[in-house]
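# Structure assessment
Here is what each chain is made of, one letter per residue.
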Amino acid sequence: MHVAHVLSAPSGPDRRALYLESRSGTDRGEYHPDGSVRVPSGGAQGFATYLGAFPASYWAHWTGTQKVRLELEVEGSGTVRLMRSAPDGTGAAVTSVPAARDVALEVDVRDMGEGGWLWFEIEATDDVTVRAGRWLVDAAPRRAGKVCLSITTVNKPDYCTATLSAIAASPALLEAVDTVFVIDQGNDKVADHAGFADVARALGAQLTVIDQGNLGGSGGFSRGMLETLDRPGSDAVMLLDDDVAVDPEALLRAIRFHRTVPEPVVVGGHMLDYNDPTVLHAFSEVVDQRHFMWGSPDREHERHDLADQPLRDTPWMHARADGDFNGWWMCLLPTAVMRAVGLSMPFFIKWDDAEFCLRAGEAGFPTVSLPGAALWHVAWVDKDDTVEWQARLHTRNRVVTALLHAERPRGGALLRDLLATDLKLLLGMRYYPVDLHVRALQEVLAGPATLHDGLERTVADALDVGARYVETVRHGDDAVLAAAPRQDGGPGPRPQGARAQAIFATKGVLRTLRPVGATARRRPDVVLSRAQATWWEVPRHASALVLSGDESTGTWLRRDARTFWRLALATVASHLKVALRWRSLSATWKAAADDLTALGTWRRTFEK
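Our subject in this report is the structure included herewith. (Residues numbered from 1 in each chain as written. Predicted model: local features only at pLDDT ≥ 70, side-chain atom pairs only at ≥ 80, totals over all residues. Heavy atoms only, no water.)

Right, let's get into the overall build of the chain. From N to C terminus, the chain includes 18 helices and 24 strands. For a compact globule of 608 residues, the expected C-alpha radius of gyration is about 25 Å, and the chain comes in at 26 Å, within 12% of that figure. A total of 608 residues make up the chain; the buried ones form 57% of that total. Pairs at least 24 apart in sequence give 80% of the contacts found in the chain among residues at least 6 apart. (Helix = DSSP H or I, 4+ residues; strand = E, 2+ residues; numbered from the N terminus. Rg over C-alpha atoms; globule rule 2.2 N^0.38 Å. Buried < 20%, exposed > 50% of the residue type's maximum accessible area, 1.4 Å probe, protein only. Contact = heavy atoms within 4.5 Å.)

Okay, structure coming up:
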């Protein structure tokens, strides 16, 4: 069975390192406009890249693949060498053959279940052109249903139209697709975009646009899941975010993997940075049960730049990595899984993907984040939504997910960590997110009864709270931004160890008792960049302007003793109530979970 094309020409020079190796002095191949690769006489070219190599360990482990075959169409004179790696990243040659018009190389991968990739290299005696190539496995497909693509979008018609155009330009992808759903929840409609009419004509009956109120990612993606379940010819839905760029071949790899695994699994796609295209967000993601927080098993492997450290030079990327969940920027959900466990929790955004995959895993449907199945997503590195209106959702949904799936009492260190975060925010004069955190815990204590009904009010309610806090006002080209001095260098020394941090916190609390001077009320004491505005630097000032990531605007933080103590008492009380009631709250939320995620419940929400 053919499972992956070798050649899928990069759409820009900044993505070349994902397709062709660039070892200094050796790799000299170049893509032609038709997608072929030319290697000049005397040169060489390796394909040990994220999108060029084949992740054999995943296919051996999950699909039962025993043999992998590489087929190439080659012109010219030279040598083709097939390579493989071990779980520790060491590479070795499997076999080599002279370049010929049709090259076929086969390798036994039964011992590669724990790790290892396959790739090939070309050495050119005369000019060699690789016209086409593909990887095949001996595992037969187990299912043949089509897949729906579901894009949830809010006011990003340009990105969404570009994604639809890429899909429409791929006959191979369209052959595997039943319907492309666009769940439009914004005011700036995709259907009104200048390029939409052309792509709608190209997709024809395979495109369905659904307008609904803004129910967040969980509401948009649940709509796509439900619509897919209503189509008897589809056996999976692939969820896609709106601010992305796609390579149709990478989407097809996830679909082919889904069709080949013996039992249904959730197939996740990796996230590459839209603005820094060779940077991989994470290779796999887990929920750390000690703190009940999402992230990579090893945080040092996040934001990995494949141009600086390519596959051949990254040993940890060769071991098969198992995860707990995959982000819904790209994630394929089989209909069998949805019928067994339901749809998304009505979380609006944040933790809906992790909660669903944890629920699916408990029901016997693991998540596989498949290398080579990926897209480019606009990263969130230049913003911090933990101090904006989303702060309520970060906390509420994390605690609810812990009540449903935590393996340790009270979610391990979860409540301690949340309380410590609130103290840091209060010391740093970030009162708005703490207010939202308190309200989030109050929602948890109140129970799940209003979770569905409150979806459309989520953003408005949070913004109404923000209107009470001066820190939510953005300062741009005004006197505030120009009045204060910029701080040079980095932040001050970070308190090291529990004792130093306790002393720092005590001093910060005592500092709130001091009256704020008239000067600090008129203008900020200092202007801090985002990098400088750490939790241990901001509290050193009575007033500070913290710049946005692009430094075009700033947030003016001002110490307010009355607000500090009001919120400090409220957050301690809320955390204490959740801790004391953890068992009963867990039972309440678990009892309601099936109804919250049920198809019928979501149908009623959409009908409203």
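Another aspect to go through is the nonpolar core. Counting residues in each nonpolar core, the largest one holds 95 residues, and the members touching the most others are Trp135 and Met238. Listed in part, the 56 residues of the second largest apolar core include Leu229, Trp328, Phe365 and Leu418. (Core = buried A, V, L, I, M, F, W, Y, C linked by side-chain atoms within 4.5 Å.)

Positive phi outside glycine occurs at Asn155, with the angle close to 60°. Residue placement: Asn155 occurs in the loop between β9 (146-153) and α2 (157-168). With a relative accessible area of 38%, Asn155 lands in the partly exposed category. A positive phi angle is found at Phe292, which is not glycine, with a value near 45°. Note on placement: Phe292 falls in the loop between β16 (286-288) and β17 (293-295). Note on Phe292: relative accessible area 0%, which makes it buried.

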